[in-house]
Amino acid sequence: NDLRIGVVGAGLMGADHVTRITERISGAVVSAIVEPDADRASAAVQHAPGATAFASIEDAIAAGAVDAVLIATPGRFHEPVLVPVLKARLPVLCEKPLTPDSESAMRVLELEQTLDRPHIQVGFMRRFDAEYEALRELIASGDSGHLMLLRCVHRNPAVPDSYTQQMLINDSVVHEFDVVPWLAGSPVKSVEVKYPRRNSMSPDHLREPILVLMELENGVLVDVEMNVSVQFGYQVGTEAVFEKGLARIGQPSGLQQWRDGRFFVEDHTSFVTRFAAAYDSQIQRWVDAVRSGALVDGPNAWDGYLVAVACEAGVKALDGGVIPVDAPARPAFYA
Ligand code: ISE
């Protein structure tokens, strides 16, 4: 039997997931859409044959319409959906961030721990990107000696006016706070933010780009260029510096062209295409895990909580100083 997924939020990511599940994921269908905007809701229903629009996740659950839930609303709306979903004991894939702060993330963890095992997977899709997976293996293998530095770039063409200064951390660097410890096998110990000369193309209320410096427990240093007004495209890349070698991921890899006296390579303009294969793999593996009873195959809610703790330090660091990150030990429930 196909897994019947209720998708909550049919904005950019939610709509993309609806199409993905319908066209590319095996063993699952979209059975319910919860989206307050009527136009978005009907567009999403049209892309998912057999799906019904519901006014709330509670209604979809009460109608017995869903076996699992995918949350793709903005982060501040996650907790009010996670609570009824957990109370109904349904598995859930929650887009990043788990919740906007560590206090609300802890409330979610406490509720989840009343169940028999973790039910929440957090949508940190970079862990499903083939290049990130290869880099993680290289680091773990020690073939190039030990890792010393990670030099990360995270560039968006532009952001909407609703994007705030804190979102540089909570909405964007949130990915590095998850993927860097996963790559390097070591948690974040401290974080600092530096401001280069401002980009005059940034929305007036933003001071960016920013340079985020992280020190990991194992001594690896990480710098992240977080830049959301680059205009030309979408780039997420990393250079790893080892004792006897270098590795790079995230280079432009599209069509190469020679024309009009120029050589160029096509690059992405959005995370939707840059990480399309990673999203596919993330959702397929989650569907397989839910159908097999494992429920989670990837970052769980504890990982989401650790990221929330790191983001809080990152937000403080926007005002200056080196801010320590104090992460408690992982409970056995989330081992
Ligand atoms: C967006 O919400 C994402 O999650 C993207 O991966 C990130 O690159 C972007 O900066 C965020 O705004």
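Residues numbered from 1 in each chain as written. Predicted model: local features only at pLDDT ≥ 70, side-chain atom pairs only at ≥ 80, totals over all residues.

### Observations concerning the sheet that holds strand E4 (residues 68–71)
Reading across the sheet, the six strands line up as E3-E2-E1-E4-E5-E6 and stay open at both edges, with parallel pairing between neighbours. With one partner strand each, in any of the chains shown, strand E3 (52–54) and strand E6 (120–123) form the two edges of the open sheet. Mean inter-strand twist for the sheet, computed between neighbouring axes without regard to direction, equals 25°. Relative to strand E5 (residues 92–95), E4 runs parallel, the two sharing three bridges. Across the sheet, the residue bridging to Leu70 is Leu93, located in E5. (Pairing = 2+ DSSP bridges. Helix = DSSP H or I, 4+ residues; strand = E, 2+ residues; numbered from the N terminus. Axes fitted to C-alpha atoms, helices over the stretch in contact; angles between N-to-C directions.)

### So, the domain arrangement of the chain
Here the chain is described as being made up of domain 1 (3–124 + 277–300) and domain 2 (127–274 + 309–324). Taking the mean C-alpha position of each, domain 1 and domain 2 sit 27 Å from one another. Taken together, the contact between domain 1 and domain 2 spans 14 residues of the former and twelve residues of the latter. When its residues are assigned to classes, the side of domain 1 that touches domain 2 shows seven nonpolar, four polar and three charged. (Domains from an automatic or database assignment. Contact = placed C-beta atoms within 7 Å. Nonpolar A, V, L, I, M, F, W, Y, C, P; charged D, E, K, R; others polar.)

### Looking at the nonpolar core
The biggest cluster of nonpolar side chains holds 93 residues, and the ones touching the most others in it are Ile5, Val7, Ile33, Val69, Val92, Tyr305 and Ala310. Among the elements that line this core, the one with the most residues is helix H10 (residues 301–317), at twelve residues. Split by domain, this core shows at least three residues from each of two domains, domain 1 (3–124 + 277–300) and domain 2 (127–274 + 309–324). Look past the residues within four positions of Tyr305 in its chain and what remains in contact with it is Leu98, Ser102, Ala105, Met106 and Leu109. (Core = buried A, V, L, I, M, F, W, Y, C linked by C-beta atoms within 7 Å. Buried ≥ 20, exposed ≤ 12 C-beta atoms within 10 Å, placed from the backbone.)

### Section: the site of the ligand
The environment of the ligand is formed by Asn156, Asp171, Ser172, His175 and Phe271. Looking at which element gives the most residues to the shell around the ligand, the answer is helix H7 (residues 167–184), with three residues. (Near = placed C-beta within 6 Å.)

### Focus on unusual backbone geometry
The peptide bond linking Lys96 to Pro97 adopts the cis configuration, its omega dihedral lying at -10°. The omega torsion of the bond from Glu208 to Pro209 falls at 10°, within 30 degrees of zero and hence cis. In this structure, Gln231 takes a positive phi of about 70° despite not being glycine. Inspection of the secondary structure puts Gln231 in the loop between strand E10 (221–227) and strand E11 (235–242).

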